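This is what each chain is made of:
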Amino acid sequence: MKATVTAGRAIGRRLSVPGDKSISHRSLLLSLLAEGSYRVFGLSSADDVMATYRLVEALGVNITSLDDGTISIVGLGREVREPQDVIDVGNSGTLIRLASGLLSPMEGSTFILTGDASIRRRPMARVADPLRKMGATIYGRDSGNLAPLAIVGSRLRSIEYRLPVASAQVKSAILFAGLGAEGTTVVEESEPTRSHTEEMLRAFGADISTERVGDRDRISVRQSILNANDIHVPGDPSSAAFYIALGLITNTEIAVDGIYLGPQRDGFVDIFKEMGAKLDIVPDGNGNYNITSRSSYLNSVTTDGRDAASYIDEVPIIATVAALCGGVSEFRGLKELRHKESDRIKTTVSMLKAFEVECGEYEDGLYVAGFKGSQGSGVRFVDAQFDHRIAMSAAILTMALGGSTVIDGFDAVSTSFPTFIDLFRSVGGDVTIESSAS
Ligand code: S3P
């Protein structure tokens, strides 16, 4: 779908964003393992999360929606039903990879997982290889690397596995499989990644522990019975980042409330601060944060890939902010960006170029040398390649530079941020949906 996004005078606002996507996925997936019922408050209604909702329902989970948006779930305690059809994960890499780990030990059932064109291009060997070492039976195109994947539930044994890429999805898939395997499964990571799976499994009473050995974290998990507990999903920092950026690069003040800023999710805040961002970050009393951003004079920044997992999803919007700074910014050590919903090194650079931003690619990153055009001139055209974070970055940059931008693939925003368009209008922008052909 094409949309024309038009800038208006930015209006300062206090806003909230949908529940965190990573936590929402896991809140639903835990229903396959947990015994007892629980409620989930603040679940995201993003398309990716709705694909997870449909997956667990197809496997027999009973979910009731309450009037206030809360859901109530009855856990299956591993007694999953073999689904009657192929499962469609849509655009969600997190879902297909986490589900591969969860379903591999479900003996007696076969599961076929597929998704959209982007999912069918993304590498699955990173999860399928370690799972096969545990005894999993997983078939796929390209010698088992590409979806559709067929998973035949099998008896699994534990492994010790050192992550070759810093990936919470791979770590989580192995931990979920380890919960259904004989023995103690250990995942070692030398670069920390988001720890939602470990934290949420712990809250459900799983036998899981993390210890620091030398320069690595060793996470160990054993078969255990999970007991359901209510879950409160905090605001998604990856969504908040777009409106925090808007506050920095327009002449206004934006506050985003109730945001999760736990380990490996707050890297963009540090980078914005290093650039000179005026940010107030105040605890909200519920373990999360209210973040206020104000128009700031920003400097360029250089990152070398250290702790990249803590800001990997925010690179498109960080690079967008860098386009409006003095000096040349460089973002390196980010090869993983080539395996996201799109090749985000390429799509970020081509999106910025559509705005007359001087920038270019490295094999492992990009540089951004700043906006060289004249403000508000003409109508630009961006092909977001159905990548939600590219589409939203283009909309935010339009607000800062004025004028209009036609964005192809704009419907992708609902992949992670279903209220993005309403919020965009509330801060002074406009969105006109052009056509349904994409
Ligand atoms: C996610 C992990 C990250 C992140 C993705 C969500 C998760 O991916 O980019 O958006 O919920 O575990 P990788 O594990 O591939 O780094």
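Draft legend 1. Spatial organisation of the site of the ligand. Every residue near the ligand is listed here: S22, R26, T94, A166, S167, A168, Q169, R194, I312, D313 and K340. Within the backbone of A168, one N or O atom sits 2.9 Å away from an oxygen atom of the ligand. Within the side chain of D313, a nitrogen or oxygen atom sits 2.7 Å from an oxygen atom of the ligand. In isolation the ligand offers 390 Å² of accessible surface; the protein chains occlude 94% of this area.

Draft legend 2. Focus on the nonpolar core. The biggest cluster of nonpolar side chains holds 74 residues, and the ones touching the most others in it are Y243, F272, V368, F410 and F420. Tallying contributions element by element places helix α12 (residues 388-401) first for this core, with ten residues. Every residue in contact with F420, bar those within four places of it in the chain, is listed here: F242, Y243, M392, A395, I396, F410 and V413. One finds A51, Y53, A99 and L226 within the second-largest nonpolar core, a separate group that totals 70 residues.

Draft legend 3. Expanded view of the packing of aromatic side chains. Under the definition given, this model contains nine aromatic pairs. Seen in terms of ring centroids, F268 and F272 are 5.9 Å apart; in terms of plane orientation they differ by 85°. Their pairing is edge-to-face. Of this pair, F268 and F272 both sit in helix α9 (residues 267-274), four residues apart, which is roughly one turn of that helix. With a relative accessible area of 0%, F272 lands in the buried category. When the ring of F410 is compared with that of F420, the centres are 6.4 Å apart and the planes differ by 65°; the resulting orientation is edge-to-face. Separated by ten residues along the polypeptide, F410 in the loop between β27 (404-408) and α13 (420-426) and F420 in helix α13 bring together distant segments of the chain. Classification of F420 by relative accessible area gives buried; the value is 0%. Pairwise contacts between aromatic rings join F242, Y243, F410, F417, F420 and F424 into one cluster. Lying over the aromatic face of Y362, R332 brings its terminal NZ or CZ to 3.7 Å of the ring centre.

Draft legend 4. Region of interest: the sheet that holds strand β16 (residues 216-222). Spatial ordering of the open sheet is given by β12-β14-β16-β15, a layout of four strands whose pairing is mixed. Two strands bound the open sheet, and with one partner strand each, they are β12 (160-162) and β15 (207-213). The average angle at which neighbouring strand axes cross in this sheet is 15°, direction not considered. Of the pairings in the sheet, the one linking β12 to strand β14 (residues 185-189) comprises three bridges and is parallel in character. Among the inter-strand pairings, R162 is bridged to a residue of β14, identified as E188. This element, helix α6 (residues 168-178), spans β12, β14, β15 and β16 of the sheet and lies at about 165° to β14.

Draft legend 5. Region of interest: the sheet that holds strand β4 (residues 37-41). Spatial ordering of the open sheet is given by β5-β6-β4-β18, a layout of four strands whose pairing is mixed. Of all strands in the sheet, those with a lone pairing partner are β5 (62-65) and β18 (231-232), marking the two edges.

Draft legend 6. Focus on unusual backbone geometry. For the bond running from A147 to P148, omega is 5°, close enough to zero to count as cis. With respect to the secondary-structure elements, P148 resides in strand β10 (residues 146-152). Unlike most non-glycine residues, S143 shows phi in positive territory, near 55°. Its identity is not glycine, yet Q264 carries a phi of approximately 70°, on the positive side.

Draft legend 7. The environment of K133, seen in detail. Mapped onto the fold, K133 is located in helix α4 (residues 125-133). Counting along the chain gives 15 residues from K133 to P148, while the straight-line C-alpha distance between them is 20 Å.

Draft legend 8. The arrangement of the side chain of D48 in detail. Tracing the backbone through its elements, the reader meets D48 in helix α2 (residues 47-58). The contact partners of D48, leaving out residues within four places of it in the chain, are K21, H25, N91, S92 and T415.

Draft legend 9. Quick look at the pattern of salt bridges. If you walk through the whole model with that rule in mind, you get 31 salt bridges. Residue K21 pairs with D48 through a salt bridge whose shortest N-O separation is 3.3 Å. Placement of K21 in helix α1 (residues 21-29) and of D48 in helix α2 is noted, with a sequence separation of 27 residues between them. The class for K21 is buried, based on a relative accessible area of 8%. Note that E198 is salt-bridged to K171, the shortest N-O span being 2.8 Å. Here E198, found in helix α7 (residues 196-203), pairs with K171, found in helix α6; they are 27 residues apart in sequence, far enough to count as distant. For E198, a relative accessible area of 5% corresponds to the buried category. Accessibility expressed as a relative area gives 0% for K171, which makes it buried. Each of E160, R162, E188, E211, R216 and R218 takes part in a single network of salt bridges with overlapping partners.

The rules we used
Residues numbered from 1 in each chain as written. Predicted model: local features only at pLDDT ≥ 70, side-chain atom pairs only at ≥ 80, totals over all residues. Heavy atoms only, no water. Near = heavy atom within 4 Å. Polar contact = N/O pair within 3.5 Å; in protein donor to acceptor, adjacent residues only side chain to side chain. Areas by Shrake-Rupley, 256 points an atom, 1.4 Å probe, with all protein chains shown as cover. Core = buried A, V, L, I, M, F, W, Y, C linked by side-chain atoms within 4.5 Å. Buried < 20%, exposed > 50% of the residue type's maximum accessible area, 1.4 Å probe, protein only. Helix = DSSP H or I, 4+ residues; strand = E, 2+ residues; numbered from the N terminus. Contact = heavy atoms within 4.5 Å. Phe/Tyr/Trp six-rings, centres within 6.5 Å; stacked < 30°, edge-to-face > 60°. Lys NZ or Arg CZ within 6 Å of the ring centre and 35° of its normal. Pairing = 2+ DSSP bridges. Axes fitted to C-alpha atoms, helices over the stretch in contact; angles between N-to-C directions. Salt bridge = Lys/Arg side-chain N within 4 Å of Asp/Glu carboxyl O.

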